[in-house]
Amino acid sequence: LESMNISIEQDKTLPEARKVKISQAHGAADERVKVSGWIHRLRSNKSLVFVVLRDGSGFLQAILSGDLALAYQTSTLTLESTVTLYGTVKKLPEGKTAPGGVELVVDYYEIIGLAPAGEDAFTNKVAEGADPSLLLDQRHLALRGETLSAVMKVRGALLKSIRRFYDEEQLTEVSVPSMVQTQVEGGSTLFHLNYYGEEAYLTQSSQLYLETVLASLGDVFCIMESFRAEKSHTRRHLSEYTHIEAELSFLTFEDLLVHLEKLFTRTIKYVLEDPVAGPLVKQLNPGFKAPEMPFLRMTYRDALVWLNEHRIKNEEGEEFKFGDDIAEAAERKMTDTIGVPIFLIRFPVAIKSFYMKRCDDDPEVTESVDVLMPNVGEITGGSMRIDQIDELMAGFKREGIDPSLYYWYTDQRIYGTCPHGGYGIGTERILAWLCDRFTVRDCSLYPRFSGRCKP
Ligand code: 4AD
């Protein structure tokens, strides 16, 4: 009852508080600051209230004492309420730990928005250990959790690092259509779209468009959403994913592989050096080993020998033979056993896409590469592209595709063809590897897979 009468007022004689984000507050020892955020944790004993504040830039431990701790207003605080805290940043004494090594000694605060208590309290909405599908319904709230938000921070740093690498390698970023009338990776995974009465699809890959601008822009990349109506429910398939794709001209297959090695080693190095993402990767994946050049190169033919020697069976439960797809389970067993990044190269023509170039020394196989990482398996697919028009037409025929719809693509072989190649990286897959997540669903803000298209 006594607390009812205690009102909270700002002491006007204190130095003016500087408005800061939490990340800045960490470096503002002995300064009076004003910092706004969400109450991430809340604990009180009689005369002290401990708050951990979160604003997306970091976490800040704050302490309320005296009248502030006793005031009625303070007793109404709940998790996820927003507040603005005013106070002095104090370095923690030896032996005590808190984010940034500091604590905010609060002298005044304002409530911006109180979150519900009781049945509707935040912790009831995203209870730990709740059914995954319930947590996905509450994804907008679950994203506030420490693990998911850490993965999303690493995701931002990864995309920034990839763009930095492309800038250093002088690739130009382009944006291409998502609504298309051509397929890239086979008809079975197309999402169909009624486009003003015409048949259209959501794009599976931006590759063909990237190829068309080599002649005007040189080496190019894009980071766009790709869509796949995957029938399989696996831990590494989404219906919509962020596809990092690049296309490079006048290069050999070996050049392409070296480019990929540089991409993975340098990009990962930049992420690990990032002051925000680096420590988060360590926290999420303490055993993470940054990849080193050169990557192990293994041909498809050698992989079959390896799989058979290790008694790993194909999809029919038999020994692997030439032409078999190395499906997810077998691929994962092989990758995990070998334990380092692998360039799996030279896949048979029959199990790869229409556009892939054959190897001169072995025309049954293609200049193709899958990059396999421990714990995830394939994170990248790439190849050299057929650059001769007749061979390309034969590829369309083999796959039963009407080439007339692809005139804008085939024209590239007529108006000055060139050797070229490229690849696509699944952003969520590279993250699952980097952040040690069980499934790519944990690496997408609002994952889409069959049965889920919300929120
Ligand atoms: O191997 P994919 O199908 O290759 C292509 O689409 C090429 N056209 C890319 C190119 O050369 N420009 O897909 C490339 C990568 C895969 O290695 C995987 O990482 C990711 O895209 N991927 C998926 N990620 C999540 N969910 C799915 N359903 C995915 N399908 C492919």
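Residues numbered from 1 in each chain as written. Predicted model: local features only at pLDDT ≥ 70, side-chain atom pairs only at ≥ 80, totals over all residues.

1. A look at the overall build of the chain
Spelled out, the test is: Going along the chain from the N terminus, every DSSP run of H or I of four or more residues is numbered as a helix, and every run of E of two or more is numbered as a strand.
When its secondary structure is counted, the chain shows 16 helices and 19 strands. The dimensions of the chain, computed from C-alpha atoms along their principal axes, are 90 × 55 × 40 Å.

2. Here we look at the domain arrangement of the chain
Interfaces are often described in size by the accessible area the parts lose on coming together. Cut-off, in case you're wondering: Reported domain spans reflect what an automatic or database domain assignment gives.
Under the domain assignment, the chain is made up of domain 1 (2-120) and domain 2 (139-443). Here the C-alpha centroids of domain 1 and domain 2 sit 46 Å apart.

3. Observations concerning the site of the ligand
Note the cut-off: Nearness rests on one distance test: the residue's C-beta atom, set from the backbone, must lie within 6 Å of the molecule or strand. Under the scheme applied here, ten amino acids are nonpolar (Ala, Val, Leu, Ile, Met, Phe, Trp, Tyr, Cys and Pro), four are charged (Asp, Glu, Lys and Arg), and all others, including Gly, are polar.
Taken together, 24 residues form the shell around the ligand, and within it Ser205, Gln207, Gly381, Gly424 and Gly426 come nearest. Counting residues per element, the ones that place at least two in the shell around the ligand are β12 (240-249), β18 (377-384), β19 (420-426) and α16 (427-434). Here the shell around the ligand is composed, by residue class, of seven nonpolar, ten polar and seven charged.

4. Considerations on the sheet that holds strand β11 (residues 220-227)
The criterion, for reference: Strands qualify as paired when DSSP identifies two bridges or more between them. With C-beta atoms placed from the backbone, a contact is any residue pair whose C-beta atoms sit within 7 Å. Only C-alpha atoms enter the line fits that serve as axes; for helices the fit covers just the stretch in contact. Angles between N-to-C directions range over 0 to 180 degrees.
As summarised here, the arrangement of the eight strands in space is β7-β11-β12-β19-β18-β17-β14-β13, forming an open sheet in which the pairing is mixed. At either margin of the open sheet sits one strand with a lone partner, and together these are β7 (172-173) and β13 (296-299). With respect to the sheet, helix α13 (residues 328-338) is in contact with β14 (342-345), β17 (368-373) and β18, its orientation differing from that of β18 by roughly 100°.

5. Remarks on the sheet that holds strand β8 (residues 179-180)
Taken in spatial order, the three strands line up as β8-β10-β9 in an open sheet, and their pairing is antiparallel. This sheet does not close on itself; its edge strands, each paired only once, are β8 and β9 (191-195). Across five bridges, β9 lies against strand β10 (residues 198-202) in antiparallel orientation. In the sheet register, Asn194 faces β10, and the bridge partner there is Glu199.

6. Structural notes on the confidence of the model for the chain
This is how the line gets drawn: On a range of 0 to 100, pLDDT expresses the predictor's confidence in each residue.
Across the chain, the average pLDDT comes to 95, with 99% of residues at or above 70. In the predicted assembly, ipTM is 0.99 and pTM is 0.96.

7. Observations regarding the nonpolar core
Let me state the cut-off plainly: Note on terminology: a nonpolar core is any set of buried Ala, Val, Leu, Ile, Met, Phe, Trp, Tyr and Cys residues joined through C-beta atoms within 7 Å. Any residue with 12 or fewer other C-beta atoms within 10 Å of its own C-beta is exposed, any with 20 or more is buried, and the rest are partly exposed; the C-beta atoms used are placed from the backbone.
Counting residues in hydrophobic clusters, the biggest one holds 67 residues, and the most contacted among them are Val154, Val271, Phe343, Leu344, Leu431 and Cys435. In terms of residue count, the dominant contributor to this core is helix α10 (residues 253-273) (nine residues). Every residue in contact with Leu431, bar those within four places of it in the chain, is listed here: Val151, Val154, Arg155, Leu158, Arg437 and Cys443. Counting residues in hydrophobic clusters, the runner-up holds 22 residues, among them Ile22, Ala69, Tyr86 and Val102.

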